[in-house]
Amino acid sequence: MKKINVLIFFCIAICVLIIFHHYIKHKNDFHLTENDKIFQISDVSNHESFVFLLVGIFIGLFLSKFV
């Protein structure tokens with residue numbers, strides 16, 4: 001497997017794990033909607049910012065495969 005494919009898979013896997021962790025952490029918070037339990041825009045300064053970072057890296061790596 002090429003190194004870039006491993007990096008692409010790693011970025012997506014970490015994003016999914018962070019979002020899953022966030023849902024598990026907030027699944028009993030009844031004041032939050034289902035969308036907020038998965039991803040809170042108001043809490044972006046925390047671990048949600050890593051999701052944005054890794055999605056950006058994923059997009060860059062994915063597009064670089066076609067250049």
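Up top is the structure these notes are about.
Described in the following lines is the structure provided in the data block. (Residues numbered from 1 in each chain as written. Predicted model: local features only at pLDDT ≥ 70, side-chain atom pairs only at ≥ 80, totals over all residues. Heavy atoms only, no water.)

Remarks on the overall build of the protein
Keep this limit in mind: Only runs of H or I of at least four residues qualify as helices and only runs of E of at least two qualify as strands under DSSP, and these elements are numbered from the N terminus. Each radius of gyration is computed over the set of C-alpha atoms, and the globule rule expresses the reference value as 2.2 Å times the number of residues to the power 0.38. Here's how the labels work: a residue is buried when its accessible area is under 20% of the maximum for its type, exposed when over 50%, partly exposed in between, all with a 1.4 Å probe on protein chains only. Should any heavy atoms of two residues lie within 4.5 Å, those residues are counted as being in contact. Positive charge is attributed to Lys and Arg, negative charge to Asp and Glu, and no charge count is given to His or to the chain ends. Charge positions are represented by NZ for Lys, CZ for Arg, CG for Asp and CD for Glu.
A count of helical and extended segments in the protein gives three helices and zero strands. Each helix and strand of the protein, ordered N terminal to C terminal, gives the series α-α-α. Against the compact-globule benchmark of 11 Å for 67 residues, the protein has a radius of gyration of 14 Å, which places it well outside the compact range. A burial count over the protein gives 24% of its 67 residues as buried. For the protein, contacts bridging at least 24 residues in sequence account for 52% of all contacts bridging at least 6. With 6 positive and 5 negative side-chain charges, the protein shows a spacing of 18 Å between the two charge centroids.

Concerning the packing of aromatic side chains
Test applied: Pairing of aromatic side chains here covers Phe, Tyr and the six-membered ring of Trp, requires ring centres within 6.5 Å, and sorts the geometry by plane angle: under 30 degrees stacked, over 60 edge-to-face, intermediate tilted.
Within the structure shown, the criterion is met by two aromatic pairs. Ring plane angle 25° and centroid distance 5.8 Å describe the contact between Phe58 and Phe62, whose orientation is recorded as stacked. Placement of the pair is Phe58 and Phe62 together in helix H3 (residues 44–64), with a separation of four residues, close to one helical turn. The class for Phe62 is partly exposed, based on a relative accessible area of 37%. In this structure an aromatic cluster arises from ring pairing among Phe58, Phe62 and Phe66.

Description of the nonpolar core
The condition that has to hold: Remark: nonpolar core denotes a set of buried residues (Ala, Val, Leu, Ile, Met, Phe, Trp, Tyr, Cys) joined through side-chain atoms within 4.5 Å.
Ranked by size, the top nonpolar core spans eight residues in total: Ile8, Cys11, Cys15, Ile18, Phe39, Val51, Leu54 and Leu61. Listed by contribution, the elements that provide at least two residues to this core are helix H1 (3–26) and H3. For this core, the element with the highest residue contribution is H1, accounting for four residues.

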